[in-house]
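# Topology and contacts: notes
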Amino acid sequence: MYKLIAIDVDGTLLNCYGEVTQKNKEAVSKALAKGIEIVLASGRMPRAIIPIANEINVNKYIISGNGATIYNVEKDEIVYDNYISKKKILEIIDICEKNSMYYNVYTNNVVLAKSLNYNVLYYHNENRKNPEDRKIKINIINDMYEYIKKYEGNDFLKITICDNDEAIFKGIMNKLKKIKNIDILEVAHMSRKIIKHGSEEFEISYFYTEITNENVNKWVAIKELIKKLEIKEEEVMAIGDNINDKEMILNSGLGIVTGNSSPYMKKIAKEVVSSNDESGVAEAINKHA
C-alpha cells in the first residue's frame, strides 16, 4: 500500500482551465480518509499552492519551487529549503538583460516580472477570475537588477526564462549552462496554456526553462519529507506530467504520468493514465490507493 501520494499541480491535478475536477476532489478525499498522505509538489510558490491545497483538504505539507522548499501548512512555516542565491539570480538577470530575454523571479510570496507576458500573463488572467485568496501576487518591476540587489530576503525559489523563438531560446540556454552550481530544467517542448475570455479561448505558446539552486528537484524534497514521516521510498506514489516531475516519477515506488504528458515522460513512467482534462489523477488514485 502507498502511504504518500505526491501530485504535481499544473497540467496534472488542474485541468487546462486551472480547475480541480470533481472526480479528482473525490479521489483525493477517499485517499485521505484511508490515512494516505497527499502532498502537492509544484513549481509554484507556496502562496500559489495553498488555496488549491485547501480546496482539496490537503493541509499538512506542500512542496514548492520544484523542490526548493517544503512548507508546513498547519504551522505556516518552511521546514526545508534550498534557495538559489541572490548572486546567482543577479548573474542570470544580467545575461537575460544583455540578450533581451523575458524572465521572472519567484520568491515564497510573489512573482517578480518586468511585464505581463508568457507564464505571467497566464497567471494574471487566472487572477481576474479567482477569489482573492487564490490570486497569485505579481509585482511588475522596471529595473529588476537594482530591485534584486536591494531585496532584503533570501527566499529565491527559481527564475523562469521564456521566448517564443526556438533558435533564440537555445542560444540563451547555451549561455546559461556556463553558470556553475545551478540546475537548469531541460524542456524540449513548447508550453501551451489556454486563456479564456468569455466564450473565446486563446493559446499562449512559448519555450521556457526554470533555473533553481543546485540539487533542487521534487524527489529530493520528497526524500526529506518522508524521513520526517517515516515512510519508505517504495511507499511513495508520484503523479506528474512534465520534465520537472522527472526525478519523482523515476524514483518513487510508482511513477505515473497523465495522458497530456510529453512522449519522453510517458516513456520513463511506470504507468500512463488519462489526461488532466479527463481526471487522470482520480484514475491513478482509485486504481492504486
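Note: the structure precedes this text.
Our subject in this report is the structure included herewith. Since this is a predicted model, take the numbers as computed values, not measurements. (Residues numbered from 1 in each chain as written. Predicted model: local features only at pLDDT ≥ 70, side-chain atom pairs only at ≥ 80, totals over all residues. Heavy atoms only, no water.)

## Some thoughts on the overall build of the chain
The helix and strand inventory of the chain stands at 11 helices and 15 strands. For 289 residues, the compact-globule estimate of 2.2 N^0.38 gives 19 Å, and the chain sits close to it at 18 Å. By principal-axis analysis of the C-alpha atoms, the chain measures approximately 50 × 45 × 40 Å. Counting the 289 residues in the chain, one finds 57% classified as buried. Counting only contacts in the chain whose residues sit at least 6 apart along the sequence, the fraction spanning at least 24 positions is 62%. Of the accessible surface of the chain, which amounts to about 13000 Å², a share of 44% is contributed by carbon and sulfur atoms. Here the chain contributes 40 positive and 42 negative side-chain charges, whose respective centroids are spaced 2 Å apart. (Helix = DSSP H or I, 4+ residues; strand = E, 2+ residues; numbered from the N terminus. Rg over C-alpha atoms; globule rule 2.2 N^0.38 Å. Buried < 20%, exposed > 50% of the residue type's maximum accessible area, 1.4 Å probe, protein only. Contact = heavy atoms within 4.5 Å. Areas by Shrake-Rupley, 256 points an atom, 1.4 Å probe, with all protein chains shown as cover. Lys, Arg positive; Asp, Glu negative; His and termini not counted. Charge placed at Lys NZ, Arg CZ, Asp CG, Glu CD.)

## Remarks on the sheet that holds strand β15 (residues 271-272)
The strand order across the open sheet built from eight strands is β5-β4-β3-β2-β1-β13-β14-β15, with neighbouring strands paired in mixed fashion. With one partner strand each, in any of the chains shown, β5 (77-81) and β15 form the two edges of the open sheet. Summarising the sheet, strand β14 (residues 254-257) and β15 pair through two bridges and their orientation is parallel. Bridge assignment links Ile 256 to a residue of β15, and that residue is Glu 271. The sheet strands contacting helix α11 (residues 280-288) are β1 (4-7), β13 (236-240), β14 and β15, and the helix crosses β13 at an angle near 160 degrees. (Pairing = 2+ DSSP bridges. Axes fitted to C-alpha atoms, helices over the stretch in contact; angles between N-to-C directions.)

## Re the side chain of Asn 82
When you line up the elements, Asn 82 lands in the loop between β5 and α4 (86-98). Residue classification places Asn 82 among the buried positions, given a relative accessible area of 14%. A polar side-chain atom of Asn 82 sits 2.6 Å from a polar atom in the side chain of Asn 213. At 3.1 Å, the side chain of Asn 82 and the backbone oxygen of Glu 214 are in polar contact. Not counting residues within four places of it along the chain, the set of residues in contact with Asn 82 comprises Ala 68, Asn 213, Glu 214, Asn 215 and Val 216. (Polar contact = N/O pair within 3.5 Å; in protein donor to acceptor, adjacent residues only side chain to side chain.)

## Let's talk about unusual backbone geometry
Positive phi, close to 65 degrees, is recorded for Asn 66, a residue that is not glycine. Locating Asn 66 in the fold gives a position in the loop between β3 (61-64) and β4 (69-72). Of note, the phi angle at Asp 76 is positive, near 55 degrees, even though the residue is not glycine. Here Asp 76 is to be found in the loop between β4 and β5.

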